[in-house]
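# Understanding the architecture of this molecule
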Amino acid sequence: MGDLEDGVLHTALGELNISMATETGEGNERFIMAHGVKLEEKLWVDECYLFQDESIAPIFCKPKLIPLKTITTQKLEQMQKEQMEKLQVPEGKEDDTVSVESEGAERDDAQPSTSETKEADVWTADD
Amino acid sequence: MSDDPVIEFTGFIKACRLFRENRLPEAEVVCTNLLRKNPLDQATWALKLQCLSDSTYVDELENEDMGLAETFLDQNVIAPSARPGTSFQRPKTTAKGINPILRPSTNAGRPLSGVVRPQSAFKSGSMDQAVRTARTAKTARAVSSTSARNMRLGTASMAAGADGEFVNLARIKLPKYAADPQVNRQLFEYVFYFVNDIKVAHEIAGIASKAAEFEDYYWKNQLAKCYLRLGMLQDATKQLQSSLQQRKLIETFALLAKTYNRVDQPMAALRTYAEGLDAFSEDVTMLTGMARVQEALGEYELSINFYKRVLDAQSNNIEAIACVATTYYYGGKPEIALRYYRRILQMGVSSPELFMNIGLCCLAAQQFDFALSSIIRAQATMTEDVAADVWYNIGQVMVDVGDLPSAARAYRLALTHDPDHSESLVNLGILRHREGRTDEARSLFGSAISKNPLMFEGNYNLALVCAAQGKYHECRRLIERALEAFPDHDHCKRMLNSLKPLYEAI
Amino acid sequence: MEESNKDEIIGTDVLPNEKDDPQPEPLELETKEEVSVKPPDRPPPKIVEVYDCNASNALMYQYFGQRDYVECKSLIGEIQSKYNEKNEAALHVRGLIARNEGELEEAMECFQKAYEVSGKNKRYYYEMGRCNFLLGRHQIAVEQLKKASEVMKNNPKVWYWLARALYHFPTEMMNGKQFNPVESAKTVLMNPDIGRDSALICFLGRLCEELQDTKGAIAAYQSALKLESDNTDVMIRLGLLLLRMGDEQEGFEKLGNCLAYDPSNSQALLTIGSIMQSHFDHDVALNKYRVAADVCDYNGCLWNNIGIALLARNKAAASHSALKKASFINPLDYKISYNLGVLHDIMNLHCSALHYIKLCTELKPQNAKAVGAMAVILSHMGDNKNARLAYKRSIELQPFPSIVLNYAIFEYRMKDYPAVSKAVKLYKELEAAGSKCSLNNKQTANLLDAVLKQYDQQPAEH
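Residues numbered from 1 in each chain as written. Chains lettered and ligands numbered in written order. Predicted model: local features only at pLDDT ≥ 70, side-chain atom pairs only at ≥ 80, totals over all residues. Heavy atoms only, no water.

### Describing the overall build of chain C
- Counting its regular elements, chain C contains 24 helices and two strands.
- Put simply, chain C has 462 residues, and 50% of those count as buried.
- Of the contacts formed within chain C by residues at least 6 apart in sequence, a portion of 49% connects residues at least 24 apart.
- On chain C, roughly 23,000 Å² of surface is accessible, and the fraction owed to carbon and sulfur atoms is 51%. (Helix = DSSP H or I, 4+ residues; strand = E, 2+ residues; numbered from the N terminus. Buried < 20%, exposed > 50% of the residue type's maximum accessible area, 1.4 Å probe, protein only. Contact = heavy atoms within 4.5 Å. Areas by Shrake-Rupley, 256 points an atom, 1.4 Å probe, with all protein chains shown as cover.)

### So, the interface of chain A and chain B
- Taken together, the contact between chain A and chain B spans 33 residues of the former and 62 residues of the latter.
- Contact with chain B buries surface across chain A, with Lys64, Leu65 and Leu68 of chain A losing the most and accounting together for 19% of the total.
- Linking aspartate 385 of chain B and lysine 69 of chain A is a salt bridge whose minimum nitrogen-to-oxygen distance equals 3.2 Å.
- Across the chain A-chain B interface, the total number found is 14 residue pairs in polar contact (both at pLDDT 80 or more).
- Here the element with the most residues in the side of chain A that touches chain B is helix α3 (residues 71-97) of chain A; it accounts for 10 residues. (Buried area = accessible area lost by both parts, 1.4 Å probe. Salt bridge = Lys/Arg side-chain N within 4 Å of Asp/Glu carboxyl O. Polar contact = N/O pair within 3.5 Å; in protein donor to acceptor, adjacent residues only side chain to side chain.)

### A word on the pattern of salt bridges
Residue and element names in this part refer to chain B.
- Counted according to the given criterion, the structure contains 32 salt bridges over all chains.
- Measuring nitrogen to oxygen at the nearest pair gives 3.4 Å for the salt bridge that ties aspartate 420 to lysine 451. Linking aspartate 420 in the loop between α21 (404-417) and α22 (422-435) with lysine 451 in helix α23 (residues 438-451), this pair joins segments that are 31 residues apart in sequence.
- Through salt bridges with shared partners, a single network forms among Arg17, Glu21, Arg23 and Glu26.

### Observations concerning the packing of helix α13 (residues 266-279) of chain B against helix α14 (residues 284-297) of chain B
Residues and elements named next belong to chain B.
- In the contact formed by α13 and α14, the axes pass within 9 Å of each other and the chain directions differ by 160°. One way to sum up the angle between α13 and α14 is to call them roughly antiparallel. Between α13 and α14 lies a crossing whose hand is left-handed. For the pair formed by α13 and α14, the contact residues are Pro266, Met267, Leu270, Tyr273, Ala274, Gly276 and Leu277 on the first element and Thr285, Met286, Leu287, Gly289, Met290, Val293, Gln294 and Leu297 on the second. (Axes fitted to C-alpha atoms, helices over the stretch in contact; angles between N-to-C directions. Parallel < 35°, antiparallel > 145°, perpendicular 65-115°, else oblique. Left-handed = near helix turned anticlockwise from the far one by under 90°.)

### Comments concerning the interface of chain A and chain C
- Chain A puts 38 residues into the contact, and the matching count from chain C is 64 residues.
- Summed over both sides, the interface between chain A and chain C buries roughly 4,800 Å², with carbon and sulfur atoms accounting for 61% of that surface.
- On the chain A side of the interface with chain C, the three residues burying the most area are Glu41, Tyr49 and Phe51 of chain A, jointly 20% of the side's total.
- Summed over the shared surface of chain A and chain C, the result is one salt bridge.
- Two residues, arginine 413 of chain C and glutamate 41 of chain A, come together in a salt bridge whose shortest N-O distance is 2.7 Å.

### Let's talk about the confidence of the model for chain B
Residue and element names in this part refer to chain B.
- Of the residues in chain B, 83% have a pLDDT of 70 or more, and the chain-wide mean is 81.
- Here residues 120-125 scores under 50 on pLDDT; set against residues more than four positions off or in separate chains, the count is 18 contacts.
- The low-confidence segment residues 133-149 (pLDDT under 50) makes 31 contacts with residues lying over four places distant or belonging to another chain. (pLDDT = per-residue confidence, 0-100.)

### Focus on the state of the cysteines
- Scanning the model with the defined rule gives zero disulfides over all chains in all.
- Here cysteine 51 of chain B is not disulfide-linked; the sulfur of cysteine 31 of chain B is the nearest cysteine sulfur, at 4.9 Å.
- Take cysteine 51 of chain B: its relative accessible area is 1%, and that puts it in the buried class.
- The thiol of cysteine 437 of chain C is not disulfide-bonded; the next cysteine sulfur, from cysteine 48 of chain A, is found 18 Å away. (Disulfide = S-S within 2.5 Å.)

### Description of the nonpolar core
- One finds Trp45, Leu187 and Tyr341 of chain B together with Met60 and Tyr338 of chain C to be the most contacted residues of the largest nonpolar core, which totals 296 residues.
- Per-element tally for this core: the top contributor is helix α16 (residues 318-330) of chain B, with 10 residues.
- In this structure methionine 60 of chain C touches Cys72, Leu75, Ile76, Ile79, Ala89, Ala90 and Val93 of chain C, once residues within four positions along its chain are discounted.
- By size, the runner-up hydrophobic cluster in this structure holds nine residues, among which are Ala15, Leu24, Leu34 and Leu47 of chain B. (Core = buried A, V, L, I, M, F, W, Y, C linked by side-chain atoms within 4.5 Å.)

### Things to note about the packing of aromatic side chains
- Counted according to the given criterion, the structure contains 24 aromatic pairs over all chains.
- Centre to centre, the rings of tyrosine 190 of chain B and phenylalanine 194 of chain B are 5.4 Å apart; their planes meet at 25°, and the pair counts as stacked. Taken together, the residues tyrosine 190 of chain B and phenylalanine 194 of chain B, both in helix α8 (residues 184-195) and four residues apart, mark about one turn of the helix. The two residues tyrosine 190 of chain B and phenylalanine 194 of chain B agree in class, both being buried.
- Judged by centre distance (5.0 Å) and plane angle (55°), the ring pair of tyrosine 160 of chain C and tryptophan 161 of chain C falls under tilted. Across the pair, tryptophan 161 of chain C and tyrosine 160 of chain C agree in class, each one buried.
- Among the aromatic residues, ring-to-ring pairing joins Tyr472 of chain B together with Phe133, Tyr160, Trp161, Tyr167 and Phe203 of chain C into one connected group.
- It is lysine 62 of chain A that lies over the ring of phenylalanine 328 of chain C; its NZ or CZ is 5.8 Å from the centre.
- Taking the ring centre of tyrosine 49 of chain A as reference, the NZ or CZ of lysine 369 of chain C above it sits at 4.5 Å. (Phe/Tyr/Trp six-rings, centres within 6.5 Å; stacked < 30°, edge-to-face > 60°. Lys NZ or Arg CZ within 6 Å of the ring centre and 35° of its normal.)

See below:
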């Protein structure tokens, strides 16, 4: 190690101009020259983490690429929606007079559950 | 504007022109008026039948909805314990390549595909579980014997015009009309597609076929369609094969292969498609069919090859593009998947699912800025039925960034849209487990498993929690179920090996 | 008259006269002959037939040993119906079969019956205790096993199961001091007059490990290996423990042993590969990893190591896909994200690198290495102010030699020479204190030294 240092010192005197160049150079260079060797900030590979043993960890569900809808499925859904609408209108007219109460009761029963889902409390206190 | 006399069509010609221009409701109105004036006009009658059936026409090849009874009381199963790779019930899942860890599966236990498949022919869980599945769940099957979709389509006839039912099927003289080659095709299509009365349609087709002295391939095909709907698959096969001998048609090959699919004979289906390809080289339907079968069997490499051939023949086939993209994404090549999805975007499709997928691919390919804008767009335009999946993926993005509280919130939002979303439940459980809230984690995993008993991750994670708490018996059961989903999983096998001595040591 | 197995007559009152086949005729003949000898008021000797319900026991055990549970169960069924469920051994075996097949409730019923039939023999508490242990009812299990241990003093297994059940007790305050279940389990097993059993010793080793008693653990594992020299599980545990203690040579040997018995054991392959990598022998490590990946290619830790090995051989693209796969499988592992950050920085993709390092700091806060890495990336991106802050924070948290040197180079670029010399001095202190400094670090330090000296000389010359 001592020899290396001596050698470095000897060449240092010879390469004075190079080190002067870095001083006058722009400060945006990534590296500094020192006796012909580039010195730069570097992340070394041998500092990377290696696994010596595997811990048994829970397995995540992976990101899900949502399946697209083909033309057929889209058309079917649209047809179904239209038919439902067509059916709803005459049904609605009929049911207006008959069994309004039962519908109302149904709606009341349905409402708590739907209102639950709509107003689901996502922001809990411990977040 | 010149003063040329404007030619106005009236009468039957007008109806025909409107029909040709695909303005079906107007054509129907014209026909109805003509029939009021002259109820015995057969031509107009036939035209009106055609209009009505065309407006509700769904390609039988795509229509794969099976009701509850057909799924569970199926007597067509030929090989209950088939070799892996020869039956849809047992696709190939190997340690190398695609397995449930690297590629997620749907609720029905199938690996995720690029497009929504209307097929629901797989028995996952027991019958009462299927009955318990809510009708509004995304992957529910019809809780009835006849397919709900067919029932819904059948309501079209009930909602027909104020005249009530157009053709009174009970009183029509079927032998007379069915034998008449001028009207029988329209009548059949009307009954089959619009009214959905398969029995009558079958009668018509039978009479027509006899009248044509069993030489007409068209009627054999239609008979086969009826048999398929009625579930009489052997007869369907017979009809189709004799039709093929008469004349080779794409439709015939495709229907025959579909029949084999129903009977869980994928090899026979593949053979049929191959014959069809011999007759019609590079036909899109045949190639798509083969690709779908290979995908269902778990052979993703072969499936991609077929889809690529489809794309060579028809570059804008969305199904092919989406399936190829999905396989590349899960194979670890998100940049290529991104290219394919961008292709779909260039075709003008702009659904929220597409944007979400593009966002996921960009994130995996480290194009963070584009990923963010795509995901925001997806979230802004999402509809109710995909909202749960969109929020779930947003949660995944949060996990990738490291923002775990936001990820938990996103998963909970997903759960508000769909309380059965098992992936969100599992991931939320893992996050809770990390925080140390083991009981909450247990209940989340438990509900995920109850909604989707075949899911590998849920069973495995709950087994880990049980083992840490010392509940070895429950752990063993869960590991066994996890192994059903993924038979070669190394860690599961190891855990089972370490559990067995606990039981069997003297 | 049946010949009876003298030692195996069981049941006290099961020589019922009702079960006789009374054979009056020969009896009378006998008495007629000997009538002159016998006194008249002695009752005629009855002929008693002794049923040995244990006659088929040997067969039953044989079936059980052969794991032929179907035959065994049917034989047991016969025995039970013939002897009215009084055969204790049959009940025992039936319970064992039920437990092996996973029917714990049924097993417990059988053992309960056996217990009663045998005259309240406490050894059946052993079996019942084990069933409760499997079901997770540890309190009950411990009580039952304690009762069993009173009668089964020579059986080491009792203590083993007792310790295992105790291990799962929750830690709580009892009698004024902390009740540490692991401690109590260990004390149970350290009882010197228990026999030697390999599973027991292995469990003792695990407990010692958890209690940080590494010497005890090593001793335990080694004695377990003496009993069972091909137990790969114990070998791996021992190897890992030795490695953690710094005894690399021994650990390597043990793992090599393990691989000799089971060449595709992915755990051992992973560990050996990582040891080789830390000695810069990347090619051999990659070969080993290839074998392991054949068995199981969804192991995130394995892919991580593969990625680093490839990176060390300058194959950045292959390393990239390996590390991405590892991250896909284990998204919440800070080590993998750190490695991904390093990789991207080497590939000059600084934004991505920053993203991954940030993920690492979110997953493991206060990690000096990660903050230091972030500083390097920021400096590469030109954000000098934040880079300086990051460097300072990292050194504050825990100074690592390479980070200190990087800081020195950074300050040299910023022309803050006093800071540079301070940093180099800090590095020298670290080196003297024994921190692990790689060759690169030493070279860098020397070069910095030379440059500093040069700078010191220059103003003097001017």
